[in-house]
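A closer look at the structure
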Amino acid sequence: MEDRALDILRKILSARGLSADTTSITTEKPDRTNLYKIGDMTVIVSQKDKGLQDKDFRTLVNFATEQGMMKNGVIVVAMAPPSDNLSKAIRSLMRESEGKLSFFHINELQFDITTHRMVSPHRILKDDETTAFLKERKIRNPEAELPTIDLLDIMARWIGAKHGDIVHISRHSDVAGTSDYYRYCLA
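These notes cover the structure that comes with them. (Residues numbered from 1 in each chain as written. Predicted model: local features only at pLDDT ≥ 70, side-chain atom pairs only at ≥ 80, totals over all residues. Heavy atoms only, no water.)

1. Focus on the pairing of strand S3 (residues 41-46)
Burial runs high along S3: six of the six residues are buried. Here strand S2 (residues 33-38) pairs with S3 via six bridges, running antiparallel. Considered in S3, the bridge of Asn 34 is made with Val 45. Note on the crossover from S3 through helix H2 (residues 54-66) to strand S4 (residues 74-78): the handedness is right-handed. (Buried < 20%, exposed > 50% of the residue type's maximum accessible area, 1.4 Å probe, protein only. Helix = DSSP H or I, 4+ residues; strand = E, 2+ residues; numbered from the N terminus. Pairing = 2+ DSSP bridges. Right-handed = clockwise from strand over helix to strand, strands pointing away.)

2. Side note on the environment of Asn 107
Mapping Asn 107 onto the fold places it in the loop between strand S5 (101-105) and strand S6 (122-124). Between the C-alpha atom of Asn 107 and that of Glu 2, which follows or precedes it by 105 residues, the distance is 9.7 Å.

3. With respect to the sheet that holds strand S7 (residues 148-150)
Spatial ordering of the open sheet is given by S6-S8-S9-S7, a layout of four strands whose pairing is mixed. Strand pairing shows two members of the sheet lacking a second neighbour, S6 and S7, which therefore form its edges. Within the sheet, the average angular offset between the axes of one strand and its neighbour, ignoring direction, is 40°. With eight bridges joining them, strand S8 (residues 166-173) and strand S9 (residues 177-186) adopt antiparallel strand pairing. Of the residues in S9, the one forming a bridge with His 172 is Thr 178. Sitting on the sheet, helix H4 (residues 127-136) is in contact with S6, S8 and S9, with an inclination near 75° to S8. (Axes fitted to C-alpha atoms, helices over the stretch in contact; angles between N-to-C directions. Contact = heavy atoms within 4.5 Å.)

4. Digging into the packing of H2 against helix H3 (residues 84-96)
Helix-helix packing is characterised by the crossing angle of the two axes and by the distance between the axes. The geometry of H2 relative to H3 is characterised by a closest axis approach of 9 Å and an angle of 25° between their N-to-C directions. Viewed along their axes, H2 and H3 adopt a mutual orientation that is roughly parallel. Taken as a pair, H2 and H3 cross one another with a handedness that is right-handed. Between H2 and H3, the residues in contact are Asp 54, Phe 57, Arg 58 and Val 61 and Leu 86, Ala 89, Ile 90 and Leu 93, respectively. Of the residues belonging to the contact of H2 with H3, the class tally is six nonpolar, no polar and two charged. (Parallel < 35°, antiparallel > 145°, perpendicular 65-115°, else oblique. Left-handed = near helix turned anticlockwise from the far one by under 90°. Nonpolar A, V, L, I, M, F, W, Y, C, P; charged D, E, K, R; others polar.)

5. Structural notes on the pattern of salt bridges
Pairing between side chains becomes possible if they bear opposite charge and their charged atoms approach one another. Overall, the coordinates contain eight salt bridges when judged by the stated rule. With a closest N to O distance of 3.8 Å, Arg 137 and Glu 136 form a salt bridge. Between Lys 162 and Asp 165 there is a salt bridge, with the nearest N and O atoms lying 3.6 Å from each other. (Salt bridge = Lys/Arg side-chain N within 4 Å of Asp/Glu carboxyl O.)

6. Concerning the packing of aromatic side chains
Scanning the entire structure with this criterion turns up two aromatic pairs. Ring geometry for Phe 57 against Phe 103: centres 5.9 Å apart, planes inclined by 80°, an arrangement best described as edge-to-face. Note that Phe 57 is positioned in helix H2 and Phe 103 in strand S5, a separation of 46 residues in sequence. The two residues Phe 57 and Phe 103 agree in class, both being buried. A ring pair is formed by Phe 133 and Tyr 182, whose centres lie 4.2 Å apart and whose planes are at 35°; its orientation type is tilted. Pair noted here: Phe 133 is in helix H4 and Tyr 182 is in strand S9, with a separation of 49 residues, a long-range link. Each member of the pair, Phe 133 as well as Tyr 182, carries the same accessibility label: buried. Over the ring of Tyr 181 we find Arg 171, and its NZ or CZ is 4.1 Å from the ring centre. (Phe/Tyr/Trp six-rings, centres within 6.5 Å; stacked < 30°, edge-to-face > 60°. Lys NZ or Arg CZ within 6 Å of the ring centre and 35° of its normal.)

7. Focus on unusual backbone geometry
The backbone of Glu 98 shows a phi angle near 55°, a positive value even though the residue is not glycine. Its location among the elements puts Glu 98 in the loop between H3 and S5. If you check the backbone angles, Lys 138 has positive phi at about 55° while not being a glycine. Here Lys 138 shows up in the loop between H4 and helix H5 (142-145).

8. Brief notes about the side chain of His 168
Among the structural elements, His 168 can be located in strand S8. According to the relative accessible area criterion, His 168 is buried, its value standing at 11%. Reaching out from His 168, the side chain makes a polar contact with the side chain of Asp 180 at a distance of 3.0 Å. Setting aside residues up to four positions removed in sequence, His 168 forms contacts with Pro 121, His 122, Arg 123, Leu 125, Asp 180, Tyr 181 and Tyr 182. (Polar contact = N/O pair within 3.5 Å; in protein donor to acceptor, adjacent residues only side chain to side chain.)

Set out below in structure tokens:
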């Protein structure tokens, strides 16, 4: 499962225009974790199958910060889905990290969801596109005036959206053709 997850992470990072060269990291590391470097990103795979606890997750993030890994970005992969408490901690830390931290459950990395016919293409608007979009639509407070996409939404994590980004979704319909939708990424 871990090898498949690393393959999918390479696809994710390649789609973002980042390097996908992978190396294993050997270092003093937290117990029951495997560390990898994919391009400049650090991937921490927790081997705890009972579920990652809030304190475990914070330990991994603190370790990554102390080792200087957070400057290029860290992806934490857990073997079990996050609890509600852990989801709150992840959301908080992802928002604080300004896009330098991401979290995936290993089952979310077993299939390239962008290839599924029901998944519409998502992309983050560039700064100039965001400015033009907001000006054209006369939007002054996008957080209040636009529909939202959750920071923990699988596609938001897949494309690397962070709090405050505007995500463009291009939906296809046999009847209407292609329709553009915009979502404000909210933590």
